[in-house]
Amino acid sequence: MELFIQYSLYIISCVCIFVPFFGFGLGPPVIIGTAVSVFAGNAYALIAQKGILKNFIKDKKDSGQSGGLVPVLEEAQKLIDGIENPGSVMKKEGHHGDEHGEHHHHIIPIPVYVGVLLVLLIGTVITVAVAQVDFGAMNTVIAILVATIKAAFVLAFFMHLKYDNMLNRVIFGSGFFFLMLLIAFSAADIFTRASVVKTF
Amino acid sequence: MSIVKTEDGHFHHAHHFNSLSHQYDSAKQGVWLFMVTEILMFGGLFVAYLIYKSLYAPIFHVGSSYLDWRLGSINTVVLITSSFTMALGIYFNQKNKPKQAVIALALTILCALAFMVIKYFEYSHKIHLGLVPGKYFTNTEFQNKVAEYISNMPIESLTPALSDANLMKKIAPLYFGFYFVMTGLHGLHVVIGACLIFWVMVKTAKGQFGAEYYTPVEGVGLFWHIVDLIWIYLFPLLYLVG
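Residues numbered from 1 in each chain as written. Chains lettered and ligands numbered in written order. Predicted model: local features only at pLDDT ≥ 70, side-chain atom pairs only at ≥ 80, totals over all residues.

Draft legend 1. Main features of the overall build of chain B. Across its full length, chain B carries nine helices and two strands. Going from the N terminus to the C terminus, chain B shows its helices and strands as β-β-α-α-α-α-α-α-α-α-α. A globule of 242 residues ought to have a C-alpha radius of gyration of about 18 Å, yet chain B, at 23 Å, is considerably larger. Each principal axis of the C-alpha atoms in chain B carries an extent, and together these give about 75 × 30 × 30 Å. Taking contacts inside chain B between residues at least 6 apart in sequence as the whole, the part at least 24 apart equals 76%. (Helix = DSSP H or I, 4+ residues; strand = E, 2+ residues; numbered from the N terminus. Rg over C-alpha atoms; globule rule 2.2 N^0.38 Å. Contact = placed C-beta atoms within 7 Å.)

This is the structure:
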């Protein structure tokens, strides 16, 4: 349920970004619609599906005021146990267990690195060559596009992200996500409030 | 780090980790978090650049013509090559070949030095021309060129700010503010990265790394690739797009 709420918040924030572009005809109905449906869904899940409300009232009746907190405390205790004995969790993954911690890292062979190097060099040549021709505003777009392709190769192979665990990818992706948010909100602000030079 | 190499050539992980792999993953995750803060730090500068470029495009157009794209391209190739040798440095450590690893890391440091030498020539040329932002900006030719560029623009694409000649003269050094701050911060990263690579190179030469344990090399490598990554974006934005 928490996931559902978070995704709806993402939808709302995405719609918010585009409000300045599409005007107020589209934004508010979507935002209000999403919010109302999430509240309705949440209430349904709480009361009918999980019976949380029923249990909460029952707990209250059983043990006075603090009754509602008991399941929460139990959950917290479970979490603390998990942190104190990470071994039990680690072993379950069946990753390693050897005393010397045998590494099973994917070693990328040298030809792949050479290939990536060539791709990066070709990308540089393309960037420089395209800049000599005047495409107007497209010059910036092409430059950023080629740079992003090059960056993707560096991240995937040089930084081993292609063979890394999911968590590191998510961590780095979140950095770019928040950078995108910053760019999107700044662009929405600057293109609607100030007079911008249209011809780059 | 508390990694201990025993006499039989094995490594022992710190007591609060489950295994060497566990320790490696945790350390690497920390480096990735640090990389995110790096991306966000430079990201703020990139967003500022994009905002001011969309407001005062002529300044950026004339400004980038003052940079030598040939030197910029050479620096790009140098940095990409250094990223490649850094990856090889990690590869040879993974393969238990310290000798080749030291050579690869030394080449990386050489590339970093070459980058900084080229940067030095670029900077001293700019300072010589009086293109330093702030009260030291003495290059009136640049301001005149911006004014000329704006006068050649079609009248319908002019904004109120661009039509204000005094304002444009005053804020013309803005481009070099961006140039010096962005490449300066990046250059600082190159210097720090070179020092870190030297540190792992010495440790590799001393035989403190191997296929079992090479976490610092991997961490420094990630840092170095991020430095490369930022330059991949900096180069076209500052040198080519105008």
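Draft legend 2. The overall build of chain A, seen in detail. Helix and strand content of chain A: eight helices and zero strands. Within chain A, the fraction of its 200 residues that count as buried is 11%. (Buried ≥ 20, exposed ≤ 12 C-beta atoms within 10 Å, placed from the backbone.)

Draft legend 3. Spatial organisation of unusual backbone geometry. Residues other than glycine seldom take positive phi values, yet His160 of chain A does so here, at roughly 60°. Summarising the element assignment, His160 of chain A is placed in the loop between α7 (138-158) and α8 (166-193). Residue class for His160 of chain A comes out buried when judged on the 21 C-beta atoms lying within 10 Å of it. Despite not being glycine, Asn96 of chain B shows a phi value in the positive range, around 60°. Among the secondary structure elements, Asn96 of chain B is positioned in the loop between α3 (69-94) and α4 (98-128). Look at Asn96 of chain B and you get exposed, because 12 C-beta atoms sit within 10 Å.

Draft legend 4. Molecular detail of the interface of chain A and chain B. Tallying the contact residues gives 51 residues for chain A and 50 residues for chain B. Counting residues per element, the ones that place at least two in the side of chain A that touches chain B are α5 (86-92), α6 (110-132), α7 and α8 of chain A. Examining the composition of the side of chain A that touches chain B, we find that 13 residues originate from one element, α8 of chain A, more than from any other. Residue classes in the side of chain A that touches chain B are distributed as 29 nonpolar, 19 polar and three charged. (Nonpolar A, V, L, I, M, F, W, Y, C, P; charged D, E, K, R; others polar.)

Draft legend 5. Structural detail: helix α9 (residues 215-240) of chain B. All names here are of chain B. With 26 residues, α9 should reach 38 Å at 1.5 Å per residue; the first-to-last C-alpha distance of 37 Å fits that figure. Its axis deflected by about 30° at Leu234, α9 carries its strongest bend there, up to four residues before the proline Pro236. For α9, a buried count of 25 out of 26 residues is recorded, marking the element as mostly surrounded by other parts of the structure. (Expected span 1.5 Å × (residues − 1). Bend = angle between axes of the 7 residues up to and from the residue.)

Draft legend 6. Quick peek at α7 of chain A. Along its 21 residues, α7 of chain A runs 29 Å from first to last C-alpha, staying within 8% of the 30 Å computed at 1.5 Å per residue. Where α7 of chain A is concerned, the buried positions are Thr140, Ala143, Ala147, Lys150, Ala151, Val154, Leu155, Phe157 and Phe158 of chain A. Looking at the buried side of α7 of chain A, the elements it contacts are α6 of chain A together with α3 and α9 of chain B. The first or second residue beyond α7 of chain A is His160 of chain A, which carries a positive phi of 60°.

Draft legend 7. The arrangement of the nonpolar core in detail. In this structure, Ile230, Leu234 and Leu238 of chain B are the most contacted members of the largest nonpolar core, which totals 82 residues. The leading source of residues in this core is α9 of chain B, at 17 residues. (Core = buried A, V, L, I, M, F, W, Y, C linked by C-beta atoms within 7 Å.)

Draft legend 8. Molecular detail of the confidence of the model for chain B. Mean pLDDT over chain B stands at 91; residues scoring 70 or higher make up 96%. Confidence metrics for the complex model read pTM 0.75 and ipTM 0.86. (pLDDT = per-residue confidence, 0-100.)

Draft legend 9. Layout of the confidence of the model for chain A. On average, residues of chain A carry a pLDDT of 74, and 57% of them reach 70 or more. Below a pLDDT of 50 lies the segment residues 87-102 of chain A, which in the model reaches 21 contacts outside its immediate sequence neighbourhood of four places, other chains included.

Draft legend 10. Looking closely at the packing of α7 of chain A against α9 of chain B. Interhelical geometry of α7 of chain A versus α9 of chain B gives an angle of 170° and a closest axis separation of 10 Å. Taken as axis vectors, α7 of chain A and α9 of chain B run roughly antiparallel relative to one another. Facing Ala143, Ala147, Lys150, Ala151, Val154 and Phe158 of chain A of α7 of chain A, the residues of α9 of chain B in contact are His225, Asp228, Leu229, Ile232, Tyr233, Pro236, Leu237 and Leu240 of chain B. (Axes fitted to C-alpha atoms, helices over the stretch in contact; angles between N-to-C directions. Parallel < 35°, antiparallel > 145°, perpendicular 65-115°, else oblique.)

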